[in-house]
Amino acid sequence: MLLRRGSEALLPIYQNRVFHSEERSLSHWQVAQELAEHTIAWKRGAVDAAMYKGRVRRLEAYVLRYGAEVEITPRPFEDFVLVHMSLRGAAEVESDGQRIEVAEGRAALIAPKHAIQLRWHAGTEQLILKLPHALVHEVLERLGRDKLDFAPGCLIPSALTPQWEVLMQSVLGVMRLPTDAGLSSLWLDDLERNVALFALAHQGRDSLATSPLTPAPDHDRAGMSEEARRIDGALRFMQENMSAPLSLADIAAAAGVSVRTLNSLSNRHLGTTPMDALRNLRLDSVRHKLRLNPQAGVTETALEAGFGNLGRFASYYLERFGELPRHTAGQRDD
């Protein structure tokens, strides 16, 4: 990870502090002025909010932290999209009814059309890039396209995160320079467009619309290929029957394909086996309930999600989320 909290590459932003406050209302107001109107619920942890800002022409970049765990509900963005990168900690994003987790070191593009909610864990610090729609439309025009077709939210594929960081370091490097440094305006235009093009072009397999943990919304199914519809049918069946003792043959029958074909399609489209996808669906369901429902018990929640062996469940949970389920439960509000 090239970019991390406090790294020298981020100095051009850290040197321009917008605010630092332990006051909730002031922090809320300051963030709303820079990004979007929103409501915020302060959860566990001490408030230690700060925002820093840098700018290169039409690109605005921020480093933001709240200190405490927070739940944020902004208005859908009207004329921009955001790229969030977790410098420290992690955040959960629910955009237009879909959900992703931005772990430390990962970057996610967020472009809600209807509704968005974010949950930042205590201590989380994010690098946020603001991409104006006007800049994205310039890129689309050059590609001969006229539709702004960002997914509501997606993780930039992990294999491409280093390339995203290199692009961001180029932007940060320009921020270091004095305004009279003599950089070519044409080159700066291309730098801006390349950043927008990267975000637009690399909505990969982690996009919400094609996540192995999320069936596509109904309005997106018409444009799917036959293979994608089969996989989506399998995902829907798994999600609707999560607590049942499903077999590979059950899932294949629901998708209308043979077991061999289902395995092939799953590896091609999801990057994993159907049964691993089912297990991940169940794990994500447990985590979501443990974080949101103060009354949910770990054992009961795991059993409801279809886990019969609680020892294996805890091992799988630790492998997927980096913590035991009881620790997730312990982070909830009392």
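Residues numbered from 1 in each chain as written. Predicted model: local features only at pLDDT ≥ 70, side-chain atom pairs only at ≥ 80, totals over all residues. Heavy atoms only, no water.

(A) Looking closely at the pattern of salt bridges. All chains considered together, the criterion is met by 19 salt bridges. Between Arg-65 and Glu-125 there is a salt bridge whose closest N-O contact spans 4.0 Å. Highlighted residues: Arg-65 in strand 4 (residues 59-65) and Glu-125 in strand 11 (residues 125-132), separated in sequence by 60 residues. Using a relative accessible area of 2% as the deciding quantity, one classes Glu-125 as buried. In this structure, Arg-287 and Glu-323 form a salt bridge, with 3.0 Å as the shortest nitrogen-oxygen distance. (Salt bridge = Lys/Arg side-chain N within 4 Å of Asp/Glu carboxyl O. Helix = DSSP H or I, 4+ residues; strand = E, 2+ residues; numbered from the N terminus. Buried < 20%, exposed > 50% of the residue type's maximum accessible area, 1.4 Å probe, protein only.)

(B) Up close: the nonpolar core. Grouped together as the largest cluster of nonpolar side chains are 42 residues, with contacts concentrated most on Leu-3, Ile-13, Val-83, Leu-127, Leu-129, Leu-131 and Trp-164. Counting residues in each nonpolar core, the second largest holds 29 residues, with Tyr-66, Ile-72, Val-102 and Leu-118 among its members. (Core = buried A, V, L, I, M, F, W, Y, C linked by side-chain atoms within 4.5 Å.)

(C) Representation of the packing of helix 7 (residues 248-255) against helix 8 (residues 259-269) in the model. Remark: helix 7 packs on helix 8, axes separated minimally by 9 Å, with the N-to-C direction vectors making an angle of 85°. The angle between helix 7 and helix 8 falls in the class roughly perpendicular. Across from Leu-248, Ala-249, Ile-251, Ala-252 and Ala-255 in helix 7, the residues of helix 8 making contact are Val-259, Leu-262 and Asn-263. Class assignment of the residues belonging to the contact of helix 7 with helix 8 gives a composition of 7 nonpolar, 1 polar and no charged. (Axes fitted to C-alpha atoms, helices over the stretch in contact; angles between N-to-C directions. Parallel < 35°, antiparallel > 145°, perpendicular 65-115°, else oblique. Contact = heavy atoms within 4.5 Å. Nonpolar A, V, L, I, M, F, W, Y, C, P; charged D, E, K, R; others polar.)

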